[in-house]
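Chain and residue survey
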Amino acid sequence: MPGKSGIQSGGSQGVGVEGELSIPYRHAAGRHAERFSREMRDNRRIMGVRCSRCEAVLLPPRPYCGFCFEPATEWVEVADEGELVTFTSVQGDPDAAVFEEPRIRALIMLDGAGVHFPHVLGEVAPDDVSEGMRVKAVWSEDRNGTLSDIKYFRPI
Amino acid sequence: MRDAAVLGWAQTEHRRRAVGETPQSMVFEVVTRALASCEMTIRDIDVVIDAGSDLLDGRSTSNRAVIDAMGAHFKEEIKVAGDGLEAAIYALMRVTSGYSSTALVVAYGKSSETPARCQTLALSDPFYLRPLAVDALAAGALQARFYLHEYGLGSDAPALVAVKNREAGARNPYAQEKSPVTLEEVMASPELISPIRRLEACPVTDGACAVVIADRQTSRAASVRPAWISGTGHGADPYSPGARTLYRTESAARSARKAYAAAGISDPLSELGVLEVSEYYSYQELMLYEALGLCGEGEAADLLASGATGTGGGTVVNPSGGVLCANPLVATGLVRLAEAAAQVSGRAGEVQVDGVDRALAHSSGGLAMQFSSVMVLEG
Ligand SMILES: [Zn+2]
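1. Digging into the overall build of chain B
- A count of helical and extended segments in chain B gives 14 helices and twelve strands.
- Taken over the C-alpha trace, chain B has a radius of gyration of 19 Å; the compact-globule value for 379 residues is 21 Å, and the two agree within 12%.
- In chain B, buried positions account for 63% of the 379 residues.
- Sequence separation of 24 or more characterises 77% of the internal contacts of chain B that already satisfy a separation of 6 or more.

Encoded structure:
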């Protein structure tokens, strides 16, 4: 905001008014994502939380288990490798913001985790990817506490 | 349960771009036509429940702008942030509680005014998913591949959904996509994101829908044949797609079980004549057969191939052509309710299926069908 304005005659689109809402946000990561980020940046560790009832290790970490509606207070390290659950490849996606390349999105069951972790795959062609393959994190040397501290997961 | 009924409804002729229309003009059109369809006027309406999207409209609390077009000034009005079928469930609560006798449900979406991608990418978590550009399409693709892999299905299985629904949509005067397609054409259409192809994804649509819901007394006295609401259910799955068993839609299964219990349905395949479901992508219709109890897990592709859910089958799914033939976002699920009500009251015109005693309407929302709503209707 503020929006632009001005009536435009638009041919096949009819008469219109250009508008644009550009609204900046600064989303709080919250204390759980803060610790998650810090552990990735400083220690190359992926941390989840364990539900006090069903004992599932939840990723991304959160203060509660949504399945049990119980607090999840115990921090647990999960492996930076695991099994590929599902994936999709994108061709020519104009909006991929941080992960320009590679373009294969994936859900990964990291060893020790109870839910699937979303990330991207690299060092592999889409045709060579298959469900159940083992993958491992490739850490960035230049880590800043964001999701891209892991550059991608690669097959092992 | 015959405590409330759908009495009237209307939808726009859905289009890629409704030139010359505003959200308000589309809403005014469907509201006046819905009221006329059950011989009511706006003065007969006690409460208005509406669904719209602030992001699509580019306005905060967007219902403020359509109040007049809905005839809602000087009435009680509540906006539901979600699909129009969720607004209908709210309306049902109003009339069955005795708080209102009649409710007008309105939903609209004019997706042509802004890139739809902005809307669906904003659904995802800004820290964990948005950097991966996981929007509705990418989440759908992850789910589609998971489902196909889990049951060992080829990518031609969901493609048949598009063939079936486009064949049906060709008869629907309100549909946006009105031409049938062959399996070869679907398979040859470009991949948007694997494994979802262009012809297996919903179109971008401008459209609106309005529905009148009334209590038992009003419905019994109505001059039109009521479509009785005999069961409903609503539910949600975890926000993070990774926290779900993504090849199943638990929220739809739970919603259906609740609705079936209220409606006394034990074998939906034989007891429902029509289902109108929200398949934003072709594979979702297969998953929904299983969640809605038409078949067991992993059996949907066989059920579809048997022809049971197609034209002339015993349990026709999406005789309107479904969401693959028109996707007026936010109104999409409410259109399913209007179509289901039309089927059980014999007012479905060109898409009428013979002898439908019971029909089901389904909506979903969020990434990879996180939210589900179900309503069962009886003639
Ligand atoms: Zn738990």
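The structure having been displayed, the exposition proceeds.
2. Brief notes about the domain arrangement of chain B
All names here are of chain B.
- Domain boundaries in chain B define domain 1 (4-115 + 205-220) and domain 2 (126-195 + 227-378).
- Put simply, the middle of domain 1 and the middle of domain 2, counted by C-alpha atoms, are 23 Å apart.
- Listed as interface residues are 42 residues of domain 1 and, on the opposing side, 35 residues of domain 2.
- Looking only at domain 1, the three residues that lose the most surface to domain 2 are Trp9, Gln11 and Leu85, adding up to 24% of its buried area.
- Counting across the interface, domain 1 meets domain 2 through zero salt bridges.

3. So, the interface of chain B and chain A
- Taken together, the contact between chain B and chain A spans 29 residues of the former and 36 residues of the latter.
- Between chain B and chain A, a total of about 2,800 Å² is buried, with carbon and sulfur atoms accounting for 65% of that surface.
- For chain B, the biggest contributors to the area lost against chain A are Phe127, Tyr128 and Leu132 of chain B; these three give 25% of the whole.
- Counting across the chain B and chain A interface gives zero salt bridges.
- Applying the counting rule to chain B against chain A returns nine residue pairs in polar contact (both at pLDDT 80 or more).
- For the side of chain B that touches chain A, the secondary-structure elements that each account for two or more residues are α6 (136-150) and β5 (191-193) of chain B.
- No other element matches α6 of chain B, which puts six residues into the side of chain B that touches chain A.

4. Description of the sheet that holds strand β3 (residues 46-50) of chain A
Residue and element names in this part refer to chain A.
- Reading across the sheet, the three strands line up as β4-β3-β7 and stay open at both edges, with antiparallel pairing between neighbours. Strand pairing shows two members of the sheet lacking a second neighbour, β4 (57-58) and β7 (74-78), which therefore form its edges.
- Pairing of β3 with β7 involves five bridges; the strand directions are antiparallel. The residue bridging glycine 48 from the neighbouring strand is valine 76, located in β7.
- Helix-sheet contacts for helix α1 (residues 30-43) involve β3 and β7, and the interaxial angle to β3 is about 145°.

5. Some words on the coordination of the zinc ion
Residues and elements named next belong to chain A.
- Of the protein atoms, only Cys51 (SG), Cys54 (SG), Cys65 (SG) and Cys68 (SG) coordinate the zinc ion, at distances of 2.3 Å.
- Each of the four donor atoms bound to the zinc ion contributes to angles spanning 104 to 115°, and the resulting shape is tetrahedral.
- All donors of the zinc ion belong to a single chain; written as a sequence motif, their spacing is C-x2-C-x10-C-x2-C. Residue cysteine 51 is found in the loop between β3 and β4, and its partner cysteine 68 is found in the loop between β5 (64-65) and β6 (70-71); the two are separated by 17 residues along the sequence.
- Judged by its relative accessible area of 1%, cysteine 51 is buried.
- You can call cysteine 68 buried: its relative accessible area is 15%.

6. A closer look at the sheet that holds strand β10 (residues 316-317) of chain B
All names here are of chain B.
- Strand order in this open sheet of ten strands is β3-β2-β4-β7-β1-β8-β12-β11-β9-β10, and the pairing throughout is mixed. Every interior strand has two partners, whereas the edge strands, β3 (76-80) and β10, have only one.
- Sheet analysis places strand β11 (residues 358-365) next to strand β12 (residues 371-378), joined by eight bridges and oriented antiparallel. Note on β12: the bridge partner recorded for arginine 358 is glutamate 378.

7. Topic: the side chain of serine 53 of chain B
Residues and elements named next belong to chain B.
- Relative to the elements of secondary structure, serine 53 occurs in the loop between β2 (47-51) and α2 (54-57).
- Here the side chain of serine 53 touches leucine 55 through a polar contact of 3.3 Å, landing on its backbone nitrogen.
- Here the side chain of serine 53 touches leucine 56 through a polar contact of 3.0 Å, landing on its backbone nitrogen.
- Setting aside anything within four residues of it in sequence, one finds serine 53 in contact with Ser62, Gln119 and Val330.

8. A closer look at unusual backbone geometry
- Each neighbour pair has its own omega, and for leucine 59 of chain A with proline 60 of chain A the value is -10°, a cis peptide bond.
- The omega torsion across serine 194 of chain B and proline 195 of chain B is 5°, close enough to zero to call that bond cis.
- If you trace the backbone, proline 195 of chain B turns up in the loop between β5 and β6 (196-197).
- Backbone geometry places arginine 44 of chain A, a non-glycine residue, at a positive phi of 50°.
- In this fold, arginine 44 of chain A is placed in the loop between α1 and β3.

9. Regarding the pattern of salt bridges
- Under the counting rule described, the total for this entry stands at 26 salt bridges over all chains.
- Among the salt bridges present, the one from aspartate 80 of chain A reaches lysine 136 of chain A, with a minimum N-O distance of 2.9 Å. Remark: lysine 136 of chain A occurs in strand β11 (residues 134-139) and aspartate 80 of chain A occurs in the loop between β7 and β8 (81-89); sequence separation between them is 56 residues.
- Assessed through its relative accessible area of 24%, lysine 136 of chain A is described here as partly exposed.
- For glutamate 177 of chain B, the salt bridge identified is with arginine 166 of chain B, shortest N-O distance 3.8 Å. With a gap of eleven residues between them, glutamate 177 of chain B in the loop between α7 (156-169) and α8 (183-188) and arginine 166 of chain B in helix α7 connect regions that are remote in the sequence.
- Overall, the relative accessible area of 25% leaves glutamate 177 of chain B in the partly exposed class.
- One salt-bridge network, held together by shared partners, links Asp80, Glu81, Asp111, Arg134 and Lys136 of chain A.

10. A short note on the side chain of arginine 105 of chain A
- Relative to the assigned elements, arginine 105 of chain A resides in strand β9 (residues 104-110).
- Residue classification places arginine 105 of chain A among the buried residues on the basis of a relative accessible area of 3%.

Rules behind the numbers
- Residues numbered from 1 in each chain as written.
- Chains lettered and ligands numbered in written order.
- Predicted model: local features only at pLDDT ≥ 70, side-chain atom pairs only at ≥ 80, totals over all residues.
- Heavy atoms only, no water.
- Helix = DSSP H or I, 4+ residues; strand = E, 2+ residues; numbered from the N terminus.
- Rg over C-alpha atoms; globule rule 2.2 N^0.38 Å.
- Buried < 20%, exposed > 50% of the residue type's maximum accessible area, 1.4 Å probe, protein only.
- Contact = heavy atoms within 4.5 Å.
- Domains from an automatic or database assignment.
- Buried area = accessible area lost by both parts, 1.4 Å probe.
- Salt bridge = Lys/Arg side-chain N within 4 Å of Asp/Glu carboxyl O.
- Polar contact = N/O pair within 3.5 Å; in protein donor to acceptor, adjacent residues only side chain to side chain.
- Pairing = 2+ DSSP bridges.
- Axes fitted to C-alpha atoms, helices over the stretch in contact; angles between N-to-C directions.
- Donors = N, O, S within 2.8 Å, 3.2 Å for Na, K, Ca; no water.
- Tetrahedral: all angles 85-135°; square planar, octahedral: opposite > 155°, others 65-115°.

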